[in-house]
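Now for the letters of each chain:
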Amino acid sequence: MMTEKELVIDDVITDAMATPSPAKSMGDPGITPLSPTHVLKDSEENEPTRHPYVVVVAIDFGTTSSGYAYAFTKEPECIHTMRRWEGGDPGVSNQKTPTTILLSPDRKFHSFGYAARDFYHDLDPTESKQWLYLEKFKMKLHTTANLSIDTDLHAANGKKVKALDIFAYALAFFKEQALKELSDQAGADFDNADVRWVITVPAIWKMPAKQFMREASYKAGLVSRDNPDQLIIALEPEAASIYCRKLRLHQMVDLGNKTALNGYSPTENVGVGMTQAKEHVRRNRQSRTFLVENVIGELWSELTEGDRYVVVDCGGGTVDLTVHQIRMPEGHLKELYKASGGPYGSIGIDYEFEKLLCKIFGQDFIDQFKIKRPAAWVDLMIAFESRKRAAAPDRSNPLNINLPFSFIDYYKKFRGHSVEHALRKSNVDFVKWSSQGMLRMTPDAMNALFKPTIDHIIQHLTELFEKPEVTDIKFLFLVGGFAESPLLQQAVQNMLQGRSRIIIPHDVGLTILKGAVLFGLDPSIIKVRRSPLTYGVGVLNRFIEGKHPPEKMLVKEGTCWCTDVFDTFISTDQSVALGETVKRSYTPAKPSQQVIVIHVYCSEKESVSFITDPGVRKCGTLKLDVSGTESPAARREIQTLMQFGDTEIRAMAVDVATSRSVKASIDFLSQ
């Protein structure tokens, strides 16, 4: 039993953090909690409450492509994917639209998706320089170390725009499209209050990025701050995992099975099954409605209590790996190892192509061309995209990439000699110039562009499979748009050597979207998660000679205190059940105090002693609004409950003397 610690609050917490703390030089001494306990909520509170929502709409906001899908709560087994979009690309058959956005020269939203791309492409080059065109911008949320509300993005013409505005514009666009479709179906205006929104994010995203998506949703009018529960943040591989449980055998390709499935033998060719799968999906596409098995899918029926499987979500920007275990009889899921992965999505191949172009034509030219002819650059990347999708392990004929006329023209002006001359002169022998005005790449040259990205994924998978928690994996589900790549499929097969069966759902690009709808219908399906980081606060403890370092000693009113002690709320990779709370009690320093502000620290290490330890950083603030809770008690005790078992971290608080609830919030963005 833990002893009740004395509660001391240093003068750090003043009314509105107005005066600097005298002890700042020693870090933030912070607070000593009254009662450090883990509480598991009573099981009846865990029952999913009936929500008043009529429909769940999930938005898959991807790095390269985006889309939405929905299901009515009265017909949860019918998932509808969004209407066909205008536009479309050769060699790319999907129901999602490119994540591209166009703002007019006066920075107003103009269009999204194919419409944005086509309009931008048709602008006169002199005019297009004034317009702001953005693509692949979602990665900024993953790569920005100190993400804030004020983080900027760069448009194709080099101009800066606020990331929050762009994300809000995109979400507002999806809100409008989805409500329009629902209204057309209902024959009357559909009320946004009847919609539960779900937005998907990579599982490896840190809390600031998740909070950023939530802030953008508030700005877009998707939901209001007064009703935050109307929006759920779903983790992409978790959504995929939920959908994969529902798969029927005819809805997937099983790479690990030696028997013929869909009438082909997997050893002959990885690609054939996918081609047949795509054809199957194309034929079913007209309906746009997917019936999900009410019962558990056929594949799932092979899984028994305690079976483990891995979901590898390979998207445009990130690759996310999640390890789940089945809990029978309800088939709830338990996370076995914290989400891992990294920025190894398919756009890595685009960067390799860009590096290749720089090698042939010079970095100086490519940089200039992107700024001076931004629309032609977008064209060139679209041409590359369709050839990228034709890359396969057994391909023998070359891949031709159309060079836009303005590329050829601008290069001649810039360098004074032809593109053909540059190719001859460069020592890149696997890329030639074809007489039709195309870059001709050998299959080896294309495969070389895939190599760094695929190597990263395989290295990560190899490391994951070496972890003790990741033994005896029955299935590996390969999902996300990049999972369609035969090169990636083959690499995963070679790495696994038959240790697990590799399953690829047919509509692999829509797997996450459909799973996110199912998650929105029942968010309690994932019962146990793993904490990605160690979280805690700085507190004062009684100073113990020999145990505490002397430089941490602080003497107050004759008592010796140790400052900067890290009070752990939860440790990295610790299992947390849904609804499980961490309880702490805090007391205002002065009776007149209106707000208690507590700094939250985090670390990737499992055990942390002091907030000054290496690798510990301040990652957020817990705010308790104690105005209006004055009480006659000499010491006001504010009991705070924090939940770590959900996709986002939440806080609630109560004034113990009056039992009144206190407004509590955790902020990870305003660092």
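Scroll up to find the structure.
The rules behind the values
- Residues numbered from 1 in each chain as written.
- Predicted model: local features only at pLDDT ≥ 70, side-chain atom pairs only at ≥ 80, totals over all residues.
- Heavy atoms only, no water.
- Helix = DSSP H or I, 4+ residues; strand = E, 2+ residues; numbered from the N terminus.
- Buried < 20%, exposed > 50% of the residue type's maximum accessible area, 1.4 Å probe, protein only.
- Core = buried A, V, L, I, M, F, W, Y, C linked by side-chain atoms within 4.5 Å.
- Contact = heavy atoms within 4.5 Å.
- Pairing = 2+ DSSP bridges.
- Expected span 1.5 Å × (residues − 1).
- Salt bridge = Lys/Arg side-chain N within 4 Å of Asp/Glu carboxyl O.
- Phe/Tyr/Trp six-rings, centres within 6.5 Å; stacked < 30°, edge-to-face > 60°.
- Axes fitted to C-alpha atoms, helices over the stretch in contact; angles between N-to-C directions.

Draft legend 1. Expanded view of unusual backbone geometry. Despite not being glycine, Q497 has its phi angle at roughly 50 degrees, a positive value. Mapped onto the secondary structure, Q497 falls in the loop between α15 (486–496) and β22 (501–505). Under the relative-accessibility criterion, Q497 is labelled exposed at 62%. One non-glycine residue, D564, adopts positive backbone phi at about 65 degrees. Here D564 lies in strand β26 (residues 559–570).

Draft legend 2. Fine view of the nonpolar core. Counting residues in hydrophobic clusters, the biggest one holds 100 residues, and the most contacted among them are F361 and L476. Take this core: its biggest share by element is 10 residues, from helix α14 (residues 443–465). L476 has contacts with V310, V312, L461, F465, V492, L496, S500, R501, I502 and I503, leaving out every residue within four places of it along the chain. V57, Y68, M82 and L231 belong to the second largest nonpolar core, which has 50 residues in total.

Draft legend 3. View of the pairing of strand β17 (residues 332–342). Burial within β17 is extensive, with eight of its 11 residues counted as buried. As defined by bridge partners, strand β16 (residues 319–327) adjoins β17 across eight bridges and the pair is classed as antiparallel. By the bridge assignment for β17, V323 is matched with Y337. The pairing of β17 with strand β23 (residues 526–530) spans two bridges and is parallel. In the sheet register, K334 faces β23, and the bridge partner there is V528.

Draft legend 4. Broad picture of the pairing of strand β28 (residues 581–586). Within β28, five of the six residues are buried, which leaves it mostly tucked inside the rest of the structure. As defined by bridge partners, β28 adjoins strand β31 (residues 638–643) across six bridges and the pair is classed as antiparallel. Among the inter-strand pairings, K583 is bridged to a residue of β31, identified as L641.

Draft legend 5. Up close: helix α5 (residues 163–186). Under the 1.5 Å per step criterion, the end-to-end length of α5 is 34 Å for 24 residues, consistent within 8% with the ideal 34 Å. Immediately downstream of α5, the backbone of G187 shows phi near 75 degrees, a positive value.

Draft legend 6. Just helix α7 (residues 236–244), in detail. Among the nine residues that make up α7, nine are buried, leaving the element largely enclosed by the rest of the structure. Those residues of α7 that sit buried are E236, P237, E238, A239, A240, S241, I242, Y243 and C244.

Draft legend 7. Region of the structure containing the pattern of salt bridges. Following the criterion strictly, the structure yields 24 salt bridges and no others. Between E484 and R389 there is a salt bridge whose closest N-O contact spans 3.7 Å. Taken together, the positions of E484 in the loop between β21 (473–479) and α15 and R389 in the loop between α11 (374–388) and β18 (399–402) put the pair 95 residues apart, joining distant regions of the chain. On the basis of relative accessible area, R389 is assigned to the partly exposed category, the value being 39%. Via salt bridges that share partners, K136, D350, E385, K388, R389 and E484 belong to a single interconnected network.

Draft legend 8. Fine view of the packing of aromatic side chains. Throughout the structure, instances matching the rule amount to 31 aromatic pairs. A ring pair is formed by F109 and Y169, whose centres lie 5.8 Å apart and whose planes are at 35 degrees; its orientation type is tilted. In this pair, F109 sits in strand β7 (residues 109–112) while Y169 sits in helix α5, placing the two residues 60 residues apart along the sequence. Among the aromatic residues, those joined into a cluster by ring pairs are F361, F365, F369, F407, Y410, Y411 and F414.

Draft legend 9. Layout of the sheet that holds strand β19 (residues 431–434). An order of β18-β20-β19 is seen for the three strands of this open sheet, with the pairing classed as antiparallel. Each edge of the sheet is formed by a strand with only one pairing partner; in this case those strands are β18 and β19. Recorded for the sheet is a direction-independent mean angle of 30 degrees between the axes of neighbouring strands. Two strands pair when backbone bridges link them, and β18 and strand β20 (residues 438–441) are joined in this way by four bridges, in the antiparallel orientation. Its bridge partner being in β20, N402 is matched across the sheet by M438. Packed onto the sheet, α14 meets β18 and β20 and runs at close to 85 degrees relative to β20.

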